Amino acid sequence: MRTIVLAVLNLCISAAAFAQPGTCAGLSPGPLASLNGFVPFPSSNLWNTDISKAPVDPNSANLIDYIGASVTLHPDFGAGLYAGQTMGIPYQIEAGTQAKVPVKLTEYPGNSDPGPMPIPANALIEGYPKPGNGDRHVLVLDQGSCWLYELYYAGIKNGAWYAGSSAIWDMTINEQRPYTWTSADAAGLPIFVGLVRYDEVAAGAINHAVRFTVPLTQQAFTPPASHWAPTTTDANAPPMGMRMRLKASFDISGFSSANQVILTALKKYGMILADNGSAIFITGMPDSHWNNNDLDMLKSITASSFDVVLMNPVYTPSNVPTGPSPAVASFTADPMTVSAGQPVTLSWNVTGAIYNIVSPQVGPVRGTSVVVTPAATTTYGLFSTNQYGRKIAKVTVTVQ
């Protein structure tokens, strides 16, 4: 009995340690819930890199002038409603038990990650309670497995989710989309990691770069972006992924403590260009705790108070990197013929992949095998992806 009690106690201690703040397991489940100090992706990720001492791009002044030196910073988030919609991009955290569902892809299926995805029927859509015809993003973090799921132009029709495009992000590694692929964002970037979140501001620090938009962008991108949505080929127009940093000399002492948290992040991590939109609008989450009048004070800051951080490399259609897509040596099922509900082990041997997805029924996977229980004859696809492209292998399990 004493041995059993000690074993249970050790298990509880281990689980508590694993769920500590700052880890993926320590996230609070729910809509707009706190991450409790967790920062997606490793500290070496470009979103999480301190660029306060990085060189200024030699074309910084021209890039700022192209945007408009007198254009003012605009927090594109807040409390309450504007024109019947919440302000900002929402997200929600699922505990790992949420059932995965298929998502029909309507606009960019070739650049998207297939489902299934753990998106509940009541997931918050950008613009809720009246999503309208905007970008309609849906962002879901899976606490149990540390994957991030993002949809663009999402909705439910006839009880099933659809989206213009989708992207799945492994928050434990430095994942990258294939070069020239979009994501749920025009720059091929994750959206969630660049949001200004209330839990961070309340805790006193934002430990990552912030997402922002400008109206006109060049047909080019710079890391961490992987995709362009060009409106011009002018070399003075900003490319996707361009990072702007609030000048170190800018005095933030007259701003509220909450705004100082945001401005400190803009000095240390900067803001990364992620989409075409209004000029230097920074993106955050909707939350009833925001003080809209206080956030409005940020609108006194002009683009001239920023520098563009050195961009190297910058990719255009003439120099986009190329290389080998993943190599799938095998993708097998054991057994290949079963009765309904009998377990089947899918196994794969892949080299050169950043991440793998098994569809349908499974979703993103780590390791080299997974167990499925098909109810009917099913063809499973293995989608292996790296920065150069994707390879797909298939195997059929026959259910008698």
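To start, this report covers the structure provided alongside it. (Residues numbered from 1 in each chain as written. Predicted model: local features only at pLDDT ≥ 70, side-chain atom pairs only at ≥ 80, totals over all residues. Heavy atoms only, no water.)

Topic: helix α2 (residues 60-67)
Stated precisely, the cut-off is as follows: Throughout, exposure labels follow a simple rule: accessible area from a 1.4 Å probe, protein chains only, divided by the maximum for the residue type, with under 20% read as buried, over 50% as exposed, and the rest as partly exposed. Comment: elements are numbered from the N terminus, with helices defined as DSSP H or I runs of at least four residues and strands as E runs of at least two. Arc definition: it is the arc formed by the directions from the helix axis to the C-beta atoms. Note on contacts: a residue pair qualifies if any of its non-hydrogen atoms lie within 4.5 Å across the two residues.
All of the buried residues in α2 are S60, L63, I64 and I67. Axial view of α2: buried residues confined to an arc of 100 degrees, hence all on one face. Residues of α2 that are exposed and angled more than 90 degrees away from the buried face: A61 and D65. Where the residues of α2 are buried, they touch β12 (210-214), β13 (243-246) and β16 (306-308). Directly beyond the C-terminal end of α2, a positive phi value near 120 degrees is found at G68.

Some details on the sheet that holds strand β19 (residues 344-351)
The criterion, for reference: For two strands to count as paired, DSSP must find a minimum of two bridges between them. In this analysis, axes come from line fits to C-alpha atoms, helices being fitted only over the stretch in contact, and the angle between any two N-to-C directions falls in the range 0 to 180 degrees.
Here we have three strands laid out as an open sheet, ordered β17-β19-β22, and antiparallel in their pairing. The strands lining the two open edges of the sheet, one partner per strand, are β17 (327-334) and β22 (369-372). When the angles between neighbouring strand axes are averaged without regard to direction, this sheet yields 15 degrees. Examined bridge by bridge, β19 and β22 share four bridges and lie antiparallel to one another. When the bridges of β22 are listed, L346 appears paired with V370.

Topic: the packing of aromatic side chains
Heads up, the condition is: Stacked, tilted and edge-to-face pairs are distinguished by plane angle, under 30 degrees for stacked and over 60 for edge-to-face with tilted covering the rest, among Phe, Tyr and Trp rings (Trp via its six-membered ring) whose centres lie within 6.5 Å.
One pass over the full model with this rule turns up 12 aromatic pairs. Aromatic side chains F41 and W169 sit 6.3 Å apart centroid to centroid with 70 degrees between the ring planes, which places their arrangement in the edge-to-face category. Remark: W169 occurs in strand β11 (residues 165-170) and F41 occurs in the loop between β1 (30-31) and α2; sequence separation between them is 128 residues. For the pair F41 and W169, a shared accessibility class is recorded, and that class is buried. Here Y179 and Y315 contribute two aromatic rings whose centre-to-centre distance is 5.7 Å and whose plane-to-plane angle is 70 degrees, an arrangement assigned as edge-to-face. Taken together, the positions of Y179 in the loop between β11 and α3 (198-203) and Y315 in the loop between β16 and β17 put the pair 136 residues apart, joining distant regions of the chain. For Y179, a relative accessible area of 17% corresponds to the buried category.

Focus on helix α4 (residues 257-268)
Rules: Expected helix span is taken as 1.5 Å per residue step, with the number of steps being one fewer than the number of residues.
When the terminal C-alpha atoms of α4 are compared, their 16 Å separation across 12 residues agrees well with the 16 Å that a helix rising 1.5 Å per residue should span. Of all the positions in α4, only N259, V261, I262, L263, A265, L266 and K267 are classed as buried. G270 sits one or two residues past α4 and shows a positive phi near 75 degrees.

Notes on the sheet that holds strand β23 (residues 378-386)
In space, the five strands of this open sheet follow the order β18-β24-β23-β20-β21, with mixed pairing throughout. Sheet topology places β18 (337-338) and β21 (363-365) at the edges, where each strand pairs with a single neighbour. Two elements, β23 and strand β24 (residues 389-399), share nine bridges in a ladder whose sense is antiparallel. Bridging across to β24, N386 finds its partner in G389.

A look at the pattern of salt bridges
Working definition: two side chains of opposite charge can pair if their charged atoms are close together. Going by this rule: In the sections that follow, a salt bridge refers to a side-chain nitrogen of Lys or Arg positioned within 4 Å of a carboxyl oxygen of Asp or Glu.
What the rule picks out here adds up to eight salt bridges. Between R197 and D199 there is a salt bridge, with its nearest N and O atoms 3.0 Å apart. As far as the burial class goes, R197 and D199 line up, both buried. For E200, the salt bridge goes to R197, with nearest N and O atoms at 3.5 Å. Owing to a relative accessible area of 7%, E200 belongs among the buried residues under this scheme. Residue R197 is classed as buried on the basis of its relative accessible area of 3%. Three or more residues joined by partner-sharing salt bridges are found here, namely D113, R177 and R390.

Side note on the side chain of R197
What counts here: Each polar contact in these results corresponds to two N or O atoms within 3.5 Å; when the atoms are within protein, one needs to be able to donate a hydrogen and the other to accept it, and residues that are neighboring in sequence are counted only if both atoms are side-chain atoms.
As for its placement among the helices and strands, R197 is situated in the loop between β11 and α3. At a separation of 3.0 Å, a polar atom in the side chain of R197 contacts the side chain of D199.

Focus on the state of the cysteines
Stated formally: Put simply, a disulfide is two cysteine sulfurs that come within 2.5 Å.
Under the counting rule described, the total for this entry stands at one disulfide. Covalent S-S linkage joins C24 and C146, the inter-sulfur distance amounting to 2.5 Å. Between C24 and C146, the S-S torsion sits near 110 degrees, and that sign places the bridge as right-handed. Of this pair, C24 sits in the loop between α1 (2-18) and β1 while C146 sits in the loop between β7 (138-142) and β8 (147-152), placing them 122 residues apart in sequence.

Considering the nonpolar core
Applicable threshold: Nonpolar cores were defined as sets of buried Ala, Val, Leu, Ile, Met, Phe, Trp, Tyr and Cys residues, with membership established by side-chain atoms within 4.5 Å.
Core analysis: the biggest nonpolar cluster contains 73 residues, and M244, I262 and M271 have the highest contact counts within it. Here the element with the most residues in this core is α4; it accounts for five residues. When sequence neighbours within four positions are dropped, the list of residues in contact with M271 reads L73, V210, F212, M242, R243, M244, L266, I280, I282 and F306.

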